[in-house]
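Structural features, examined
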Amino acid sequence: MSEHRATVAWQREAGTDFRRGRYSRRHQWQFDGGAVIAASPSPAVVPAPWSDASAVDPEEAFVAALASCHMLWFLSLAAERGWLIETYEDAALGKLERIAPERHAITEVTLRPRIAFAGTKPTAADIAALHERAHERCFIANSVTTRIRIESRD
């Protein structure tokens, strides 16, 4: 159907002791549209100074990708049904847990959208149905085994 590309680039800084694990893991994500994002492991996974808390870590990006995909489908489905959305904000949360010795996974992502409608607001049942349909349509959600929960904050 389509292809999606990202370039991940890292370079060792001079004078670092790579073989002893004393090197920065800060790197860049470059996307085909031109966006360049500073990336790093989470300081919860790799402590500073070898990580950079101001950069996006892969776990955050995973949670954001799920939340973004869900939101885009929700907006599309609401527009098809004639509802007018003014704002959509999701305070999504992912849980990284040990699944086996030396293996971890994001086992659960909770989407917590707060949506403001203008004009006629859909019922709670309508909103729940939109979330269910958006979840079914989300490419990212369909690609992972992570449990995804939706807790609407409306």
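Here's a quick rundown of the structure. (Residues numbered from 1 in each chain as written. Predicted model: local features only at pLDDT ≥ 70, side-chain atom pairs only at ≥ 80, totals over all residues. Heavy atoms only, no water.)

Counting residues in each nonpolar core, the largest one holds 22 residues, and the members touching the most others are Phe74, Ile85, Val109, Ile115, Phe117 and Leu130. Every element with two or more residues in this core is listed here: α1 (58–80), β4 (84–90), β6 (103–111), β7 (113–118) and α2 (124–137). Top contributing element to this core by residue count: α1, with eight residues. The contacts of isoleucine 115, once residues within four sequence positions are left out, are Phe74, Ile85, Thr87, Tyr88, His131 and Asp154. (Core = buried A, V, L, I, M, F, W, Y, C linked by side-chain atoms within 4.5 Å. Buried < 20%, exposed > 50% of the residue type's maximum accessible area, 1.4 Å probe, protein only. Helix = DSSP H or I, 4+ residues; strand = E, 2+ residues; numbered from the N terminus. Contact = heavy atoms within 4.5 Å.)

Right, let's get into the layout of surface pockets. Taken as a whole, the largest pocket holds about 370 Å³ of empty space. Forming the boundary of the largest pocket are His4, Arg5, Ala6, Phe31, Asp32, Ala65, Ser68, Cys69, Leu72, Trp73, Phe139 and Ile140. When residues in the lining of the largest pocket are grouped by element, the largest group, five residues, is from α1. (1 Å grid on protein atoms, 1.4 Å probe; cavity = no way out; pocket = protein on both sides within 12 Å on 5 of 7 lines; lining within 4 Å. Points joined across faces, edges and corners; volume = space filled by probe spheres on them.)

To continue, consider α1. Here α1 is 23 residues long and its end C-alpha atoms lie 33 Å apart, about the 33 Å a rise of 1.5 Å per residue gives. Considered for burial, the residues of α1 that qualify are Val63, Leu66, Ala67, Cys69, His70, Trp73, Phe74, Leu77 and Ala78. Elements that come into contact with the buried residues of α1 comprise β4, β5 (93–100), β6, β7, α2 and β8 (147–150). A side-chain oxygen of the first residue of α1 lies 3.0 Å from the backbone nitrogen of glutamate 59; this N-cap is aspartate 57. A positive backbone phi angle near 85 degrees is found at glycine 82, which sits one or two residues after α1. (Expected span 1.5 Å × (residues − 1). Polar contact = N/O pair within 3.5 Å; in protein donor to acceptor, adjacent residues only side chain to side chain.)

On to the state of the cysteines. Note: disulfide means a covalent bond formed between the sulfur atoms of two cysteine side chains. One pass over the structure, following the stated rule, counts one disulfide. One disulfide in the model links cysteine 69 with cysteine 138; its S-S distance is 2.5 Å. Between cysteine 69 and cysteine 138 the sulfur-sulfur dihedral comes to about 140 degrees; the bridge is accordingly right-handed. Taken together, the residues cysteine 69 in helix α1 and cysteine 138 in the loop between α2 and β8 connect sequence positions 69 residues apart. Classification of cysteine 69 as buried rests on a relative accessible area of 10%. Look at cysteine 138 and you get buried, because its relative accessible area is 1%. (Disulfide = S-S within 2.5 Å.)

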